[in-house]
Structures are given as C-alpha cells and as structure tokens.
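Here is what each chain is made of, one letter per residue.
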Amino acid sequence: MGFKLTEEFKAKAAHICARYPRRDASLIPLLHEIQEEAGYVAEEAMDELARFLELPYSRVKAVVTFYTMFNREPAGKYHLQVCRNISCHMAGAPGLLGHLREKLTIAEGETTADGLFTLSTVECLGACGSAPVMQVNEDYFENLNIEKLDSLLEDLKHGKYPSKR
Ligand code: FES
C-alpha cells in the first residue's frame, strides 16, 4: 500500500516551502502536516516527502527518528509521552510510568485495544523545573502525581481534553 502526497497536500506544502529561503528548511513543518493528516509518518510518506523536497530519504528518516514527537506507527487518539530524564526520574516518573502500564495494560510503544492511548517514554521535554512531566499529543502536563494522572486519564476517557495542570 503506497502513500501518495495529494494535490491538496502539495499545494499546502508549496505554500510552506515559500516561507523559507531553502526548501529543506520546510522538512519539519511538512512532517508535522503529514502527522496531523495521517496520525503518523509512515515509511512511504518519508519516501514521498524526500522526493518532493529533493532530499535524500536517509535525511528525512534521520529527522523522523531523532524527534520523538513524530510517530512512526499509527498511534492512539492520545499519545502519552512520559519524560524519562533525570529531573523527572528523581521526581517520580518511574512510578507514573508503572502506574500507566498497569492501568492501561500496555507497555511502552503499545496502544490500548480501544485505540485511545499510546504509551511512550521520551527524552527531556525541557520543562525540568516542573517535573515530572508528561506530554499528551502537543500539550504538557506538569508537576504530575498519581492522583493528577488518574484524573487526567478519566477526563481523556470521557472525551474531555483538560487544560494544562
Ligand atoms: S528531565 Fe523531564 S522535562 Fe527535563
């Protein structure tokens, strides 16, 4: 099954490319566009985008692999990304992660059967002062503890996307 950049996408991409002096500078914004549309960045999408931008496939793949914000497989509706670096670790991230594993009965890299949650660990999110931190899709939830985490999960299960806490 191939991935095709639609004409609509190409028009949008041309618009984005025009904002930058060099075509390759639009790589990350375009990857975001693909992820927004498809929910993840498939190998075929990387290949098509590399051709579109006239960049080596290896360059596109390296960017997608480096940035944990890009999903390489279909993710759940809510992508729970627990920071695994030192400040968050010291502030209780391992306990939060264990709680999530147990409660959702999934391991890192897995998605719940209902397609609602994907669980990952990620490198420092740059919000160490309010550790422990978890990113959900594009938003950060800071100073987390088990109680806040449970309340957040309940909200998400009921379709409520709470403001940051
Ligand atoms: S160590 Fe977790 S945000 Fe920096």
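Since this is a predicted model, take the numbers as computed values, not measurements.

Asks: In this structure, what is going on with the sheet that holds strand β3 (residues 134–136)? I would like to understand it.
Replies: Sheets are built from strands that pair by backbone hydrogen bonding, the pairs being arranged parallel or antiparallel. The mixed open sheet is built from four strands, whose spatial order is β2-β1-β3-β4. Edge positions in the sheet fall to β2 (117–122) and β4 (139–141), since each of these pairs with one other strand and no more. Across this sheet, the average inter-strand angle for adjacent strands is 25 degrees, counted without regard to direction. Two strands pair when backbone bridges link them, and strand β1 (residues 78–83) and β2 are joined in this way by six bridges, in the parallel orientation.

Asks: I'm lost on the environment of leucine 104 in this one. Help?
Replies: Residue placement: leucine 104 occurs in helix α6 (residues 93–104). For leucine 104, a relative accessible area of 8% puts it in the buried group. In contact with leucine 104, not counting residues within four places along its chain, are Leu80, Thr112 and Phe117.

Asks: It is not clear to me how the pairing of β2 should be interpreted in this structure. Could you clarify?
Replies: One face of the sheet, then the other: side chains in a regular strand alternate in exactly this way. Where burial is concerned, most of β2 is hidden: six out of the six residues are buried. The two faces of β2 match: Phe117, Leu119 and Thr121 on one face and Thr118, Ser120 and Val122 on the other face are all buried.

Asks: What is the right way to read the pattern of salt bridges from this model?
Replies: Once their charged atoms are close, side chains differing in charge can pair, the charge on each being opposite to the other. In total, this model carries eleven salt bridges according to the counting rule given. With a shortest N-O distance of 3.5 Å, aspartate 24 and arginine 59 are connected by a salt bridge. With a gap of 35 residues between them, aspartate 24 in the loop between α1 (7–17) and α2 (27–38) and arginine 59 in helix α4 (residues 57–66) connect regions that are remote in the sequence. Classification of arginine 59 by relative accessible area gives partly exposed; the value is 36%. Here glutamate 123 and arginine 84 are joined by a salt bridge, their closest N and O atoms 2.9 Å apart. Here glutamate 123, found in the loop between β2 and β3, pairs with arginine 84, found in the loop between β1 and α5 (86–90); they are 39 residues apart in sequence, far enough to count as distant. Salt bridges linked by common partners bring Arg22, Asp24 and Arg59 together as one network.

Asks: I keep staring at the pairing of β1 and nothing clicks. Help me out?
Replies: Counting buried positions along β1 gives six out of six residues, so the element sits mostly inside the fold. With burial as the criterion, each face of β1 is covered, one bearing Tyr78, Leu80 and Val82 and the other bearing His79, Gln81 and Cys83. With three bridges joining them, β1 and β3 adopt antiparallel strand pairing. Counted as the bridge partner of glutamine 81 is glutamine 135 from β3.

Asks: Please explain the packing of aromatic side chains as it appears in this structure.
Replies: Taken as a whole and assessed by the stated rule, the structure comprises five aromatic pairs. Between the aromatic rings of tyrosine 67 and phenylalanine 70, the centroid separation amounts to 6.5 Å while the plane-to-plane angle is 90 degrees, which identifies the pairing as edge-to-face. Phenylalanine 70 sits in the buried class, given a relative accessible area of 5%. Pairwise contacts between aromatic rings join Tyr78, Phe117, Phe141 and Tyr161 into one cluster. Against the face of phenylalanine 52 rests arginine 23, its NZ or CZ located 5.0 Å from the ring centre.

Asks: What's the story with the side chain of histidine 79 in this structure? I'm lost.
Replies: Inspection of the secondary structure assignment puts histidine 79 in strand β1. Of note is the side chain of histidine 79, whose polar atom sits 2.7 Å from the side chain of serine 120. If we ignore the near neighbours within four places in the chain, the residues touching histidine 79 are Asn71, Thr118, Ser120, Gln135, Val136 and Asn137.

Asks: Would you explain the domain arrangement of the protein in this entry?
Replies: Size of an interface, as often reported, equals the accessible area lost when the parts are brought together. Domains assigned within the protein are domain 1 (7–66) and domain 2 (78–157). Averaged C-alpha coordinates put domain 1 and domain 2 at centres separated by 28 Å.

Calculation notes
- Residues numbered from 1 in each chain as written.
- Predicted model: local features only at pLDDT ≥ 70, side-chain atom pairs only at ≥ 80, totals over all residues.
- Heavy atoms only, no water.
- Pairing = 2+ DSSP bridges.
- Helix = DSSP H or I, 4+ residues; strand = E, 2+ residues; numbered from the N terminus.
- Axes fitted to C-alpha atoms, helices over the stretch in contact; angles between N-to-C directions.
- Buried < 20%, exposed > 50% of the residue type's maximum accessible area, 1.4 Å probe, protein only.
- Contact = heavy atoms within 4.5 Å.
- Salt bridge = Lys/Arg side-chain N within 4 Å of Asp/Glu carboxyl O.
- Phe/Tyr/Trp six-rings, centres within 6.5 Å; stacked < 30°, edge-to-face > 60°.
- Lys NZ or Arg CZ within 6 Å of the ring centre and 35° of its normal.
- Polar contact = N/O pair within 3.5 Å; in protein donor to acceptor, adjacent residues only side chain to side chain.
- Domains from an automatic or database assignment.

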